Amino acid sequence: MNEAAIANAKRGFSFYARIYRKILVQDLKSKMSYRADFIISTFGMIMTNTVGFMSFYILFKNFPSINGWNYHEMLFLYGFSLIALTPLQCLFDNNWSLRYSVESGDFIKYCFRPINIFFYFISEVFDVKGLGQLVFGVAVLSYAWSSLAIPVTVGTLCLLVLLLITASLFMIAIMNFAAATCFWMLRSGYVMILMFRFKDYARYPASIFDGLFRIIFTFVIPIAFIAYYPGLVILHPDNIPLLSKLSPVIGVLFFWLSYKFWMLGATRYDGTGS
Amino acid sequence: MKKEIDQAIVMENVVKEFKVLNRHEGLRGSIRDLFSRDYRTVTAVDNISISIPGGQIVGYLGPNGAGKSTTIKMMTGVLEPTSGNLIVNGCVPYKNRTKNCENIGVVFGQRSQLWWSLPLIESFRLLKDIYLIPDRQYDEMMKLYSDLVDLEPLLHKTVRQMSLGQRTLSDILAAFLHDPKIVFLDEPTIGLDVSMKAKIRDLIKELNRMKQTTVILTTHDMGDVDALCERIVIIDHGRMIYDNDIDHLKSYFGSYRILKVRLPGDIWEETVIDESKTDVMSVISDYQKKGKLLDIKLEEISTEEVIKKIYENETNERKKISGIDKSRDNTGIAV
Amino acid sequence: MNARKYLALTRAGIIQELQFRMGTFITVLGNLIYLTLVYFLWRSIYASSPTPVVNGMTFNDTIIYLVLATALFNFLEMYLVWNISRKIQSGEIVMDLLKPMSYRKLMFFTFFGDNITTFFLTFLPTFIVVFILTKGAIPVGTNLIWFVISVGGALLVNYFIDFFVSTISLYTESTWGINIVKESIVLLFSGATIPLVFFPEKLRVVVKCLPFRCIYDTPLNILLQKDGYTPGSGMWTMLGLQLVWCVALCALTGIFWNFSVRRITVNGG
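Every chain is numbered on its own, with residues counted from 1 as its sequence reads. Naming scheme: in the order in which they are written, chains are lettered from A and ligands are numbered from 1. Given that this is a predicted model, residues contribute local features only at a pLDDT of at least 70 and side-chain atom pairs are listed and counted only at 80 or more, while totals for whole chains, interfaces and linings are drawn from all residues. Note: side-chain values were computed over all heavy atoms of the structure, leaving out hydrogens and water.

### Topic: the overall build of chain B
What counts as a helix is a DSSP run of H or I of at least four residues, what counts as a strand is a run of E of at least two, and both are numbered from the N terminus. When helices and strands are counted, chain B shows 12 helices and 12 strands. Classification of the 335 residues of chain B by burial places 53% in the buried group. By definition in these notes, contact holds between two residues if any of their heavy atoms fall within 4.5 Å. Relative to all contacts within chain B whose residues are 6 or more apart in sequence, the contacts with residues 24 or more apart total 69%. The cut-offs for exposure are 20% and 50% of the maximum accessible area for each residue type, with area from a 1.4 Å probe on protein chains only; residues under the lower value are buried, those over the upper are exposed, and the others partly exposed.

Structure (C-alpha cells):
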C-alpha cells in the first residue's frame, strides 16, 4: 500500500529516536521527584551487588580455582557480566510488568497507537537504578583488568565496548523471550525470575558444561555468551574460539528473534488476558 | 481535515469465535484439567453486518458479555475476525494496524492511556510527535480545547494525581488530539458524578459537531444514549438485534406507558402497560378493587425501560429471533 | 467453626494454582535446567579442589543440599511482596482490608493452598528422585518427621519476613528495589545458594544470629542429619530457635503492619 509506505517512511529511525529521547527525559524528571523511591532502589542495587559479590568471594575462599580459571579471571567475567546487565535493567525494565499488564487487560492500551508496540511498551520505563550496577561492574572489571595486567590500548577498549554490547543483546534477548511467555500462559512470572537467576551462572566459564548441556547453554539459553565467549576475546587473545568471533552476529540474531517472538505474542493478544 | 470517505466503518457478516478450555469443577476437576485437551468454541460475534457513515454518533449497546468489546477490538485492529469483511476508513484494520491507529482514537473508561507519571501537557506533546501532528493543527486543537473545557489546571498535573473525572476528560481530549476520523469510547462516563457526566457528554457532542468525527460509544448509561446518540445498535449473544435511530426505538414501544400508583403507606408501585392490548383504566380499577389509591401518575416509557424490554425479549425469544423487525406483540407484559 | 473459613481459602488456593497448568510444567522444566547449572558448577568446583571433602561436605552432600534447597525455594517462594505491593498500588488492598479477618491471616491462608500444591507437585517428586538417585545418602528415620516440622517453621519465618518487606510497599512504589534486596539477602544468608558451612568463620557467627538460617539451613541439615542438627547434638536448639524467631517475627510484623496501615489510612495515601 502506498500510504502505508509513506507512513513507514515518516516513522523511521529518527522518529523513534526523537520520541525515545523525549520519553526518557520526561520519565527521568518524574523519577527525580520521587526521591524516596530513588534512594531505596539505589540502596537495593548496592545491597544486591554486595550480597552477590559476597557469595562469589565465599566460593573462592573455599576453592582457589574453578576449572582452571583463577580468582582474577573469574572476577573479570563477573564485572563484565554486571556491566552487560546495565542496558537491560535501565532500558528494558518494563518487561517485568508485562505479565501484569497482560493479565489485567491493561496491555490493550499499547495496541491503539500508530507506533511499534514493543517500542511503545519498553520505552515507557527508564530505570535509573541499573546505573548503580554499572558503577559496581566497572569497579570490579577495572580491578580484575589491572590485576591480570592486561594492556590498555584504544583497540582493546573499543573491542571491550563492542563485546559488552554483544553480551547485553543476549541478556536482553533472554529476558524478552521470558517476558513474552506471558502472552501464552498464565503465571509466567516464574520464567522471568528463573532466567534472571540464570544470569548469575553466566559469569562462570562455559567450559564447565559438557555435551548436550554445553549446546543448550550456548544456543538455547545462551548464557555462555553473556560473559564467557566475549570475555575470552580479551582474556585469551592468542586463542579466540570461532564462537567468540561470531558472538556479535549471533547476538543481533538472538535479539531479533526475541523481538519477533515478543511481537508474535503481542499480535496474538486479544485483550482479555489469555 | 475533511472526512472524504463516506462510510467510516463497514462490517459484512463478521464472525469472531474463541476457543476456550472446558474447566471442570472442584479439586478433582482441577487436577484433571492439568492434562485436558477439551476445548469448546464460543461465538462472541455472530454474523454482524453494519455500516456507519462518517460523522455519526452511534450508541453500541448490549448486556454484559454480549460481544461489544470484541467488536470494538476488531474495529481497532486488535483482533482478527474469524470470517467476514471489516473495513475501517477504507482499510482492513487487522492487516494495517499502525495505519488504522493513525485514524482512530480510543478511550477505555477506566484505563488511562496517558503516561501515568507525566504532566498532561507532556503527554499531549508526545502524542503530537507520535501522530506527527503539524504545529498549526496542534495549536488550533489546544485552543479549541481551552474554549471547551477548563484546561489550564489539568495541563500541569500528572495523570496519577488526577481524579477519575479529570482523567477521563484528559483521555477523551487525548483521543481527539490528532483529529482522528473515528473515536471509540468504551463506557466513558462510568463511575462519574452527575455534573462530570454532563460535562463529558457536552464535550463529546461538541467535538463531534466541530470535527465531524465518527463516534462509536459503548455504554450502559442511558443518559449517554439520550444525550448523544443519533443511532443505536444493540447486540446480544453476539447477534445484532436492533439497528435504528433513537426515535424509532421509542416509537417502536410507543404504545407502552408506565403507570405509577401510590398505595396506602406511601408505597409507589410501577406497571408497564401496552396500551394497544390493555386499557389503563382497567388496570387502575383493578388496583381500586384491592384498596384505596392515593395518587396516580402516567409516564412515557424511558429509553432505559425500552432497552431493558429489548434485552428481556431477546432472552425470551432466543430461538426464533433473526431481527428486531419481527412482531413482538405476543410477548406478555412483565410487571 | 473458625477453621472452616481458613480451610476454604486454602482449598481455593489449591484449585487456583492447578488452573495454571502451563505454569506448573514450566516450573518443573525450569527447575531441571536450573539444577543442571548448579550440578555442573559444583562438579567443576569440586574437581578443582585438592580434597574431596570440603568443610565436612562431599560433592554428593553439597548437591543433595542444593537440589533440595531449590525445591524448597519453589515451595516457599510465593512472591508475596509482588502480590501485596501490586494490590497496594492498584488500591485493591482496600477490598481485602474489609474482609472479616486480619490481612496477615488472609494472605497466609490464601497462599498456603499454593504452598501445599507446590509441595506435592515440585518438592515431593524432587525429593523422591534425589532419594533414589543418591541411593541412601539421605538418612531415613525420625529425622523425616523433624524435617517436616522444621519446614513448617521455615514456612512461617519466610512468610513473616515476606510480609514485613511487603509492608514497606505501603511507603514506596519501588517494589523491585525492596524485593531484590530481600531476595538476595534471604537466599545468601539462609544458605540457599551456598551451604552455611562454607562461610568464613566470622561471617558465619553473624549469620547464625539472623532469622534467615531458619528457612533453608535448619530444615535441610536436619534432614541430612549433619553434625549439630541431630537429636543428640543440638537439633532441639535449632527447632527452638525457629520457634523463637517465629514468635518474634510474628509480633514484629503485626506491630509494623498495624502501625503502617493506620498511618496510611490517616494520611489517605
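Having seen the model, we can carry on.
### Comments concerning a nonpolar patch on the surface
Residues and elements named next belong to chain C. Only residues whose relative accessible area exceeds 30% and that take part in no salt bridge are eligible for patches, with like-charged residues grouped when within 9 Å of each other and nonpolar side chains (Val, Leu, Ile, Met, Phe, Trp, Tyr) grouped when within 5 Å. The protein chains shown are the only cover counted for residues, whose accessible areas, like all others here, come from Shrake-Rupley with a 1.4 Å probe. Basic side-chain nitrogens of Lys or Arg form a salt bridge, by our definition, when they fall within 4 Å of a carboxyl oxygen of Asp or Glu. A cluster of nonpolar residues, Ile128, Phe131, Ile132 and Val140, forms a patch on the protein surface that exposes about 370 Å² of accessible area. Tracing the backbone through its elements, the reader meets Val140 in the loop between helix 6 (103–133) and helix 7 (143–168). Val140 sits in the exposed class, given a relative accessible area of 58%.

### Some points on the nonpolar core
Within the largest apolar cluster, 259 residues are counted, with the highest numbers of intra-cluster contacts made by Phe107 and Trp262 of chain A, Ile9 and Phe124 of chain B together with Trp42 of chain C. Of the domains in this structure, domain 1 (7–12 + 46–248) and domain 2 (253–316) of chain B are the two that each give at least three residues to this core. If sequence neighbours within four positions are ignored, Ile9 of chain B has contacts with Ile50, Ser51, Ile52, Met75, Leu86, Ile87, Val88, Ile182, Phe184 and Ile216 of chain B. By convention a nonpolar core is built from buried Ala, Val, Leu, Ile, Met, Phe, Trp, Tyr and Cys residues, the set being connected through side-chain atoms within 4.5 Å. By size, the runner-up hydrophobic cluster in this structure holds 9 residues, among which are Leu259, Ile273, Val283 and Leu293 of chain B. Throughout, the edges of the domains are those of an automatic or database domain assignment.

### Some remarks on the interface of chain A and chain C
Accessible area lost when the parts come together is the quantity often used to give the size of an interface. Contact residues are listed per partner, giving 42 residues for chain A and 49 residues for chain C. Defined in terms of a 1.4 Å probe, buried area is the accessible area two parts forfeit on being brought together, summed over both. Summing both partners gives a buried area of about 4500 Å² for chain A against chain C, and 74% of it is carried by carbon and sulfur. For the pair chain A and chain C, the number of links is 1 salt bridge. Across the salt bridge formed by Asp210 of chain A and Arg43 of chain C, the nearest N and O atoms sit 2.6 Å from each other. Here a polar contact is recorded for every N or O atom pair within 3.5 Å, except that within protein the pair must consist of a potential hydrogen donor and a potential acceptor, and residues adjacent in sequence are included only if both atoms are side-chain atoms. Counting the contacts that link chain A with chain C gives 7 residue pairs in polar contact (both at pLDDT 80 or more). Elements represented by at least two residues in the side of chain A that touches chain C include exactly helix 3 (35–62), helix 5 (95–104), helix 9 (189–198) and helix 10 (211–220) of chain A. Among the elements that line the side of chain A that touches chain C, the one with the most residues is helix 3 of chain A, at 13 residues.

### So, helix 2 (residues 68–75) of chain B
Residues and elements named next belong to chain B. For helix 2, the buried fraction is high: 7 of the 8 residues fall into the buried class. Of the positions making up helix 2, those classed as buried are Lys68, Thr70, Thr71, Ile72, Lys73, Met74 and Met75. Following helix 2 by one or two positions, Gly77 adopts a phi angle in the positive range, close to 90 degrees.

### Things to note about the packing of helix 8 (residues 154–180) of chain A against helix 12 (residues 242–268) of chain A
All names here are of chain A. In contact at an axis separation of 8 Å, helix 8 and helix 12 are set at 25 degrees when each is read in the N-to-C sense. Relative to helix 12, helix 8 is oriented roughly parallel. Crossing handedness for the pair helix 8 and helix 12: left-handed. Within the contact between the two elements, helix 8 uses Leu162, Leu163, Thr166, Leu169, Phe170, Ile172, Ala173, Asn176, Phe177 and Ala180 and helix 12 uses Ser247, Pro248, Ile250, Gly251, Val252, Phe254, Phe255, Leu257, Ser258, Phe261 and Trp262. As a working rule, the residues Ala, Val, Leu, Ile, Met, Phe, Trp, Tyr, Cys and Pro are called nonpolar, Asp, Glu, Lys and Arg charged, and the rest polar, with Gly in that last group. Looking at the contact of helix 8 with helix 12 residue by residue, the classes come out as 16 nonpolar, 5 polar and no charged. Interaxial angle, 0 to 180 degrees, is taken between N-to-C directions of lines fitted to C-alpha atoms, where a helix line uses only the stretch in contact. Angle categories: roughly parallel below 35 degrees, roughly antiparallel above 145, roughly perpendicular from 65 to 115, and oblique for all the rest. In this scheme the crossing of two helices becomes right-handed for a clockwise turn of the near helix relative to the far one and left-handed for an anticlockwise turn of less than a right angle.

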